[in-house]
Amino acid sequence: MTVTLDSLAVVTGGGAGIGRAIAIGLAAQGRTVAILDVRAELARDTAQEIIASGGKAEGFYVDIADMDSVIAARDAVVAKYGPCQVLVNNAGWEEIHRFTETSSDFWQKILGINLLGPIAVTHAFLQGMIDAGHGGRVVNISSDAGRVGSSGEVVYSGAKGGIIGFTKALAREIIRFDITSNCVCPGPTDTPLLRDAPEKLTTALKGAIPARRLAQPEDIMNAVRFFASPDSSYITGQTLSVSGGLTMA
Ligand SMILES: NC(=O)c1ccc[n+]([C@@H]2O[C@H](COP(=O)([O-])OP(=O)(O)OC[C@H]3O[C@@H](n4cnc5c(N)ncnc54)[C@H](O)[C@@H]3O)[C@@H](O)[C@H]2O)c1
């Protein structure tokens, strides 16, 4: 009962940025990767890139903030490939605003995508992972914002902190099935999400990061790949910051 590198991985938000690197990185190890994204055309592009380099992948539409859409995507994936062994909850969304300038519609959107979305996707796929009896891995992409807070990202920080608590409690429930649950917390990472942030913010961040550069999506992928691997079978409920030393506490 252990995870294998030729099994199915599901990656949400695999059409761009960190999720795209994770999908490519897991496929390079021999896994089949189901790439789920609200921008289905981008998910298909990532899948095409994997297939062109000899890997196995398929893109699917999902809006993780919509439970019906999550169930439809789960059913489509499982009908074709069976239950997954690795689930990477990566899809997320953010916009930088002062908290006092945000509205309840904005909070609902932030929480719907960044907290309830991963919960919905995990709920949809987990029972199949348990029933398959092969063990498995849940890897949630939180954020350093969820560990230490980030100004301009107050509600997002709350959602990402929620993901850390969710990951830990889930870890306690599912390790008996040989399924681990861990969190990777990226620091500032060079992706389309961060490119929308004000330039003076990214310049200041680069100056504050001991490694003197933003993370590349592949830096985050390497941590995810470890938590997804057979090598991490006794590690669960953990939160790993990948931030070039920006946060150490
Ligand atoms: N970039 C950073 O600096 C940074 C830092 C910390 C944490 N993160 C987290 O890393 C993860 C990936 O971020 P990124 O920077 O690659 O973002 P990105 O915007 O570059 O890519 C996110 C992907 O998720 C998809 N997505 C968005 N909403 C969705 C939804 N409702 N349903 C399905 N798919 C959806 C998008 O279409 C996109 O393909 C997110 O959870 C983000 O919060 C990013």
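Structure first, text after, so check above.
Rules of the game
Counting from 1, residues in each chain are numbered in the order their sequence is written. Thresholds applied to this predicted model are a pLDDT of at least 70 for local features of residues and 80 or more for the giving and counting of side-chain atom pairs; totals over whole chains, interfaces and linings are not thresholded and use all residues. Note that the side-chain values use all heavy atoms of the structure and ignore hydrogens as well as water. Salt bridges are defined as contacts in which a side-chain nitrogen from Lys or Arg sits within 4 Å of a carboxyl oxygen from Asp or Glu. Numbering of helices and strands runs from the N terminus, with a helix taken as a DSSP run of H or I at least four residues long and a strand as a DSSP run of E at least two residues long. Any residue under 20% of the maximum accessible area for its type is buried, any over 50% is exposed, and the rest in between are partly exposed; the area is computed with a 1.4 Å probe on protein chains only. Two distance rules govern patches: like charges are joined within 9 Å, and nonpolar side chains (Val, Leu, Ile, Met, Phe, Trp, Tyr) within 5 Å, applied only to residues with over 30% relative accessible area and no salt bridge. Here the Shrake-Rupley method, with its probe set to 1.4 Å, supplies the accessible areas, and only the displayed protein chains count as covering residues. For this purpose, a residue is taken to be near a molecule or strand whenever a single non-hydrogen atom of the residue falls within 4 Å of it. Side-chain atoms alone can form a polar contact between residues adjacent in sequence; in general such a contact is a pair of N or O atoms within 3.5 Å, and within protein one must be able to donate a hydrogen while the other accepts it. Residue classes follow a fixed rule: Ala, Val, Leu, Ile, Met, Phe, Trp, Tyr, Cys and Pro count as nonpolar, while Asp, Glu, Lys and Arg count as charged, and any other residue, Gly among them, counts as polar.

Moving on: the pattern of salt bridges. Summed over the entire model, instances satisfying the criterion amount to seven salt bridges. Salt-bridge contacts for aspartate 144 lead to arginine 147; the nearest nitrogen and oxygen are separated by 2.9 Å. With aspartate 144 and arginine 147 both in helix α5 (residues 144-148) and three residues apart, this pair spans about one turn of that helix. Given the relative accessible area of 5%, aspartate 144 is considered buried. Arginine 213 is the partner of aspartate 219 in a salt bridge, and the nearest nitrogen-oxygen pair spans 2.9 Å. Judged by its relative accessible area of 42%, arginine 213 is partly exposed.

A word on a nonpolar patch on the surface. On the surface, Phe99, Trp107 and Val154 cluster together into a nonpolar patch covering about 260 Å² of accessible area. Within the secondary structure layout, tryptophan 107 lies in helix α4 (residues 104-132). The class for tryptophan 107 is partly exposed, based on a relative accessible area of 31%.

Close to the ligand lie 28 residues; Asp37, Asn90, Tyr156, Thr189 and Thr191 are nearest. Taking asparagine 90, its main chain carries an N or O atom lying 2.7 Å from an oxygen atom of the ligand. Between the ligand and threonine 191 there is a distance of 2.5 Å, counted from an oxygen atom to a side-chain nitrogen or oxygen. Taken together, the elements giving at least two residues each to the shell around the ligand come down to α1 (17-28), α6 (154-174) and α7 (192-195). Here the element with the most residues in the shell around the ligand is α7; it accounts for three residues. Classifying every residue of the shell around the ligand gives 14 nonpolar, ten polar and four charged.

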